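The primary structure of each chain is shown beneath.
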Amino acid sequence: MSGSHPGPKANPFKQPKAVFAVAFACVVSFMGIGLVDPILPAISSELHASPSEVTLLFTSYLVVTAVAMLITNFVSSRIGPKPTLIAGLILIVVFAGLAGSSGSISDIIWFRGGWGVGNALFIATSLAVIIASASGGMAGAIVLYETALGLGIAAGPLIGGTLGTISWRGPFYGVSVLMAIALIATIFLVQKLPRPPKKTSLAAPLKALRHRGLLTMSLTALCYNWGFFTVLGYAPFPMKLKPIQLGMVFFGWGILVALFAVFGAPRLQAALGIAKTMYLNLFLFALCILGIAIWTDDKTPLIVFTILTGIFIGVNNTITTQAVMTVSPVERPVASAAYSFVRFIGGGLAPYVAGRLVIAMNIHFPFYIGAGAVIVGMLILATGHRLLSAAERAQAEDVPAPSASAPAQTPSTPGQPERISVPEPAPAGLVYVGENGATGLGVTVGGPILAAIDASPAADLVTETARRMATGTGRVVHVVHAAGSGAPGIDGEPLEAARAAVLDHLGRLAASGVPAEGHVLLHAADHGAAGRLLAQYSNQAGIASIITGPPSHGGSGHGGTSLAALMDESASAELRRHAAARILVVDPAATRG
């Protein structure tokens, strides 16, 4: 985050087996993007298809993926995340195998479309499952996800080129086998996750695009993807290389995607902020595509510029994914589906249009158009500069816990908030529970606990209640501070103060031997948004019990803290409306009995 100095992050690669099972499936799924690159000329030659016909392998796959994104949340909100993952994996296994068995280019195009449906179901759900199952916050989960994306994109061309030396059918069969392994791992290692608290309508992703921030980011990504897939889908033809040679070229490209997604993007964002990083990255990406357009007939610069585009694709993937996840007020799965729908449309159409432009104009023209599309994306992004600043403020920042934490578990059945009465003051800082006895909460629900804190006195009782619930049970406490944005007119507190508060509460839990982790969630609008952020975090982290202070009616008391007494009425109402976990309200004003 620009202008801040976050502490060290938790290791995103220290995760439960279930996370790696889904991550492996992500790697194989993303292989499908670059898998056919090295065999495009071979398919064109052996099946007597023109380059523009062969590029339809990208178009059918990505356009169908884009359209299918609109139904993914409708499906997953009804059958649950794990069944949706499994359904997507099964479709990929079947249609990848059928593509390898095809005898005509038209059959492969249709089967790639079916593959795209499975890919949409898988991609839209996999990130949410990784976030819910991972030990750590959203940022670490996204890094892991982008690592899988980078490895898949890097390995796809290499595997495609290697197997393509045997037959153009080999890469399709290879993906089918690998995805079958991922399917088995997902079935046995990924625990059943709760369905979302409410069912998502088919129109939800399209309605989400009414939000200017999400629409701006999506249209920028459409233009960026136009340049990206122009290079990916058509650059192999003027290179005139063998499949294994093309595989090595795009393997180098994919390695840069992975490295800059995982290591380069966070460093650039920390140094420059989201806005400057995106502008600089898009500008340099456009220059690189322009180099391809100028030297399309010169093999050496063509290969060098193609490989270098991996740098800008890697940076863009990570920065944009995190920005999209925070700039929109809708649920993350809906935002992801809406964003992916728009950007994959651009990626799907670009290779086919490139083939037609070559026929109508020349081999250079599609790449000039690709570079121009990226510049248009920059201009669109500039219209939402303030929204980028809001995304930067809203970016969730993990606060390192003084003690180790355990993986999240499945939350309990949603229910009405439960009030826990405590005396004031609590002797020796201990929490007493009137209706359940003087020394215990009487709550047996398992799974992680979320302690929603702020700078008010009630926060101490919230953390103490969480400590008592977690002691001796192995349950992990997530100390979460829904802070204000710090913008004028919003009752926010400085980011450093929010971090300090979380670290203080983590220290108390660590001293008692309770495993805990901390997070600061920044919101830019109002208390209701804070309630939604807490609910969103709770659902994705698999929280079983949320502990808050009592809702207040005043709005902004307690010295201008972000949430008066932890929750004002609007925040409390939004939390109840959207959270799947049991909500426990600590009331310092009540008396026992």
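Just so we're clear, the structure is a prediction, and the values are computed from it rather than from any experiment.

Chemist: Tell me about the overall build of the protein chain, and please be specific about residues and values.
Modeler: Counting secondary structure elements, the protein chain contains 21 helices and seven strands. For the protein chain, the share of sequence-separated contacts (at least 6 apart) that also reach a separation of at least 24 residues comes to 84%. Put simply, the protein chain shows about 21,300 Å² of open surface, and 65% of that area lies on carbon and sulfur atoms.

Chemist: Go over the nonpolar core with me, naming the residues and quoting the values.
Modeler: Among the nonpolar cores identified, the biggest contains 118 residues, and I43, F172 and M239 are the most heavily contacted of them. With 18 residues, helix α12 (residues 243-294) is the largest single contributor of residues to this core. Not counting residues within four places of it along the chain, the set of residues in contact with M239 comprises L246, V249, F250, K299, L302, I303 and T306. A470, V479, A501 and V502 belong to the second-largest nonpolar core, a separate cluster that totals 22 residues.

Chemist: Pulling in residues and values, what's your account of the side chain of N225?
Modeler: Within the secondary structure, N225 is located in helix α10 (residues 212-234). Every residue in contact with N225, bar those within four places of it in the chain, is listed here: R343, F344, G346 and G347.

Chemist: Break down the confidence of the model for the protein chain for me, with residues and values.
Modeler: The share of residues in the protein chain with pLDDT of 70 or more is 74%, and the mean pLDDT across the chain is 75. Predicted confidence is poor over residues 1-9, with pLDDT under 50, and the contacts of this stretch with residues over four places away or in other chains come to 22 contacts. Counting contacts from residues 396-445, a segment whose pLDDT is below 50, to residues more than four positions away or on other chains yields 145 contacts.

Chemist: Just give me the short version of the packing of aromatic side chains, but keep the residues and values in it.
Modeler: In total, this model carries 12 aromatic pairs according to the counting rule given. On the numbers, 6.3 Å between centres and 40° between planes, the contact of F95 with F111 is tilted. Of this pair, F95 sits in helix α5 (residues 81-100) while F111 is found in helix α6 (residues 105-133), placing the two residues 16 residues apart along the sequence. On the basis of relative accessible area, F111 is assigned to the partly exposed category, the value being 23%.

Chemist: Account for the packing of α10 against helix α15 (residues 365-382), with residues named and values stated.
Modeler: Working note: a packed helix pair is described by the angle between its axes plus the distance between those axes. Their axes nearest at 8 Å, the elements α10 and α15 cross at an angle of 160°. Comparing the axis directions of α10 and α15 gives the class roughly antiparallel. Note that α10 runs across α15; the crossing there is left-handed. Contacts from T216, M217, L219, T220, C223, Y224, W226, G227, T230, V231 and Y234 in α10 reach P366, F367, I369, G370, A373, V374, V376, G377, I380 and L381 in α15.

Chemist: So what's going on with the packing of α5 against helix α8 (residues 170-189)? Which residues, and what values?
Modeler: Where α5 meets α8, the closest approach of the two axes is 8 Å, and the angle between their N-to-C directions is 160°. Relative to α8, the element α5 lies roughly antiparallel. In this structure, α5 meets α8 at a crossing whose hand is left-handed. Across from K82, L85, I86, L89, I90, I92, V93, A96, G97, A99 and G100 in α5, the residues of α8 making contact are F172, Y173, V175, S176, M179, A180, A182, L183, T186 and I187. In terms of residue class, the contact of α5 with α8 is made up of 16 nonpolar, four polar and one charged.

Chemist: I'd love a proper account of the pairing of strand β3 (residues 449-453), names of residues and values included.
Modeler: Most of β3 sits inside the fold, with five of its five residues counted as buried. Residue alternation in β3 divides its side chains into two sets, I449, A451 and I453 and L450 and A452, and both sets are buried. Both β3 and strand β6 (residues 545-548) contribute to a ladder of three bridges, which runs parallel. Following the sheet pairing, L450 is matched in β6 by I546.

Chemist: Account for the pattern of salt bridges, with residues named and values stated.
Modeler: A full pass over the atoms with the stated rule returns three salt bridges. Of the charged contacts, one joins R467 and E464 as a salt bridge, the two residues approaching to 2.7 Å between their closest N and O atoms. Separated by three residues within a single helix, R467 and E464 lie in helix α17 (residues 458-470), roughly one turn from each other. E464 carries the same exposure label as R467, and that label is buried. A salt bridge links D504 to R508; the shortest N-O distance between them is 2.5 Å. Of the two residues, D504 and R508 both sit in helix α18 (residues 495-511), four residues apart, roughly one turn of that helix. On the basis of relative accessibility, which here comes to 39%, the residue D504 falls in the partly exposed class.

Chemist: Describe in detail unusual backbone geometry, supporting the description with residues and values.
Modeler: A positive phi angle, near 55°, is found at H48, a position not held by glycine. Among the secondary structure elements, H48 is positioned in the loop between α2 (40-46) and α3 (51-54). With a phi angle near 50°, K240 is a residue other than glycine that sits in the positive phi range. By the secondary structure assignment, K240 is in the loop between α11 (236-239) and α12.

Reading the values: the criteria
Residues numbered from 1 in each chain as written. Predicted model: local features only at pLDDT ≥ 70, side-chain atom pairs only at ≥ 80, totals over all residues. Heavy atoms only, no water. Helix = DSSP H or I, 4+ residues; strand = E, 2+ residues; numbered from the N terminus. Contact = heavy atoms within 4.5 Å. Areas by Shrake-Rupley, 256 points an atom, 1.4 Å probe, with all protein chains shown as cover. Core = buried A, V, L, I, M, F, W, Y, C linked by side-chain atoms within 4.5 Å. Buried < 20%, exposed > 50% of the residue type's maximum accessible area, 1.4 Å probe, protein only. pLDDT = per-residue confidence, 0-100. Phe/Tyr/Trp six-rings, centres within 6.5 Å; stacked < 30°, edge-to-face > 60°. Axes fitted to C-alpha atoms, helices over the stretch in contact; angles between N-to-C directions. Parallel < 35°, antiparallel > 145°, perpendicular 65-115°, else oblique. Left-handed = near helix turned anticlockwise from the far one by under 90°. Nonpolar A, V, L, I, M, F, W, Y, C, P; charged D, E, K, R; others polar. Pairing = 2+ DSSP bridges. Salt bridge = Lys/Arg side-chain N within 4 Å of Asp/Glu carboxyl O.

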